[in-house]
Amino acid sequence: MTEIKNTFSVGDYIIDFENIYQITSQKDQKDLSGKTISYFFYEPIDESNNRTTYSTPIDNIFKSGLRPLINQDIVKKLYKEAEEKIDHDALLDYKSVKETLYQNDPGKDLVILKQLFLEREKTQEKFSRTNKEILESILKHISSEIAFVTKKQIETVQEKLTSLIKKAIK
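Residues numbered from 1 in each chain as written. Predicted model: local features only at pLDDT ≥ 70, side-chain atom pairs only at ≥ 80, totals over all residues. Heavy atoms only, no water.

*Asks:* Looking at this structure, how should I read the pattern of salt bridges?
*Replies:* Once their charged atoms are close, side chains differing in charge can pair, the charge on each being opposite to the other. In the structure shown here, the tally under the stated rule is 4 salt bridges. Its salt-bridge partner being Glu145, residue Arg67 comes within 2.7 Å of it at the nearest N-O pair. Of the two residues, Arg67 sits in strand 5 (residues 67-68) while Glu145 sits in helix 5 (residues 129-150), which places them 78 residues apart along the sequence. Like Glu145, Arg67 is buried. (Salt bridge = Lys/Arg side-chain N within 4 Å of Asp/Glu carboxyl O. Helix = DSSP H or I, 4+ residues; strand = E, 2+ residues; numbered from the N terminus. Buried < 20%, exposed > 50% of the residue type's maximum accessible area, 1.4 Å probe, protein only.)

*Asks:* Could you clarify how one ought to interpret the confidence of the model for the chain in this entry?
*Replies:* Segments scoring low in pLDDT should not have their predicted coordinates read at a detailed level. A residue-level look at the chain finds 94% of positions with pLDDT of 70 or above and a mean pLDDT of 89. Residue range residues 1-5 is modelled with pLDDT below 50. Its contacts to residues more than four positions away, or to other chains, number 10 contacts. (pLDDT = per-residue confidence, 0-100. Contact = heavy atoms within 4.5 Å.)

*Asks:* I'm lost on the packing of helix 3 (residues 94-102) against helix 4 (residues 106-122) in this one. Help?
*Replies:* The relative placement of two packed helices is expressed as an angle between their axes plus a distance between the axes. For the pair helix 3 and helix 4, the least separation of the axes is 10 Å and the interaxial angle reads 140°. Considering the angle they form, helix 3 stands oblique to helix 4. Along this stretch, helix 3 crosses helix 4, giving a crossing that reads as left-handed. When helix 3 is examined against helix 4, the residues Tyr94, Val97, Thr100 and Leu101 are found in contact with a partner set consisting of Lys108, Asp109, Ile112 and Glu119. For the contact of helix 3 with helix 4, a count of residues per class yields 4 nonpolar, 1 polar and 3 charged. (Axes fitted to C-alpha atoms, helices over the stretch in contact; angles between N-to-C directions. Parallel < 35°, antiparallel > 145°, perpendicular 65-115°, else oblique. Left-handed = near helix turned anticlockwise from the far one by under 90°. Nonpolar A, V, L, I, M, F, W, Y, C, P; charged D, E, K, R; others polar.)

*Asks:* Is there a simple way to think about the sheet that holds strand 5 in this case?
*Replies:* As a general point, the strands of a sheet are linked pairwise by backbone hydrogen bonds and lie either parallel or antiparallel. Pairing in this open sheet of 5 strands is antiparallel, and the strands run 4-3-2-1-5 from one edge to the other. Sheet topology places strand 4 (54-57) and strand 5 at the edges, where each strand pairs with a single neighbour. Of the strand pairs in this sheet, strand 1 (residues 13-15) and strand 5 are connected by 2 bridges, and their pairing is antiparallel. Bridge assignment links Ile15 to a residue of strand 5, and that residue is Arg67. (Pairing = 2+ DSSP bridges.)

*Asks:* Honestly, the packing of aromatic side chains in this entry has me stumped. Any pointers?
*Replies:* The geometry of an aromatic ring pair is captured by the separation of the ring centres together with the interplanar angle, meaning the angle of the planes. Scanning the model with the defined rule gives 8 aromatic pairs in all. Both rings, one in Tyr13 and one in Phe148, keep their centres 4.8 Å apart while their planes meet at 65°; by these two values the pair is edge-to-face. Within this pair, whereas Tyr13 is found in strand 1, its partner Phe148 is found in helix 5, the two being separated by 135 residues in sequence. Since its relative accessible area comes to 32%, Tyr13 is described here as partly exposed. Aromatic side chains Tyr39 and Phe41 sit 6.4 Å apart centroid to centroid with 45° between the ring planes, which places their arrangement in the tilted category. In this pair, the class of Tyr39 matches that of Phe41, namely buried. Of the aromatic side chains, those joined through ring pairs into one cluster are Phe8, Phe40 and Phe62. (Phe/Tyr/Trp six-rings, centres within 6.5 Å; stacked < 30°, edge-to-face > 60°.)

*Asks:* Which parts of the structure should I look at to understand helix 3?
*Replies:* Owing to its 3.6 residues per turn, the α-helix brings residues three or four apart onto one side. Of all the positions in helix 3, only Val97, Thr100 and Leu101 are classed as buried. All buried residues of helix 3 project into a common sector of 95° when viewed along the axis, lining one side. Facing away from the buried surface of helix 3 by more than 90 degrees, the exposed residues are Lys95, Lys98 and Glu99. Those residues of helix 3 that are buried are in contact with helix 4 and helix 5. A positive backbone phi angle near 60° is found at Asn104, which sits one or two residues after helix 3. (Arc of directions from axis to C-beta.)

Here it is, written out as structure tokens:
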């Protein structure tokens, strides 16, 4: 049995860079070579996704970008990090943004979010539609996870994060 198998179980919630899912089952299936592999099957918790079921080999769950949800302690840490001042001269490395987002690390995503807020403040007229979409996507993703964990409305979490970040970039 792998260490990962002990980390997750049926009923647990997991998240990737887009959605929150719930593990619905675990099954052993043979791959094309005839080797038996254990899979987790999971569904998005957002009901608008037509209950699509996804699967990932248990041994590859972390490689696939899935991770457990954050806990209350990490939520507090994220809020604290959101209000920390950032360097106004720091440059946003656009080449690594997508790669960083795929890593699905809320702390790193928050750094990018803060930099985008700062960039938007500095260059409101020149702030691109792409940057706006990235900013909104990151804010929604982090807020959705915090809202789910804390059982608060996503709008409330977004407002709090936005408020903390705006104070940090002043």
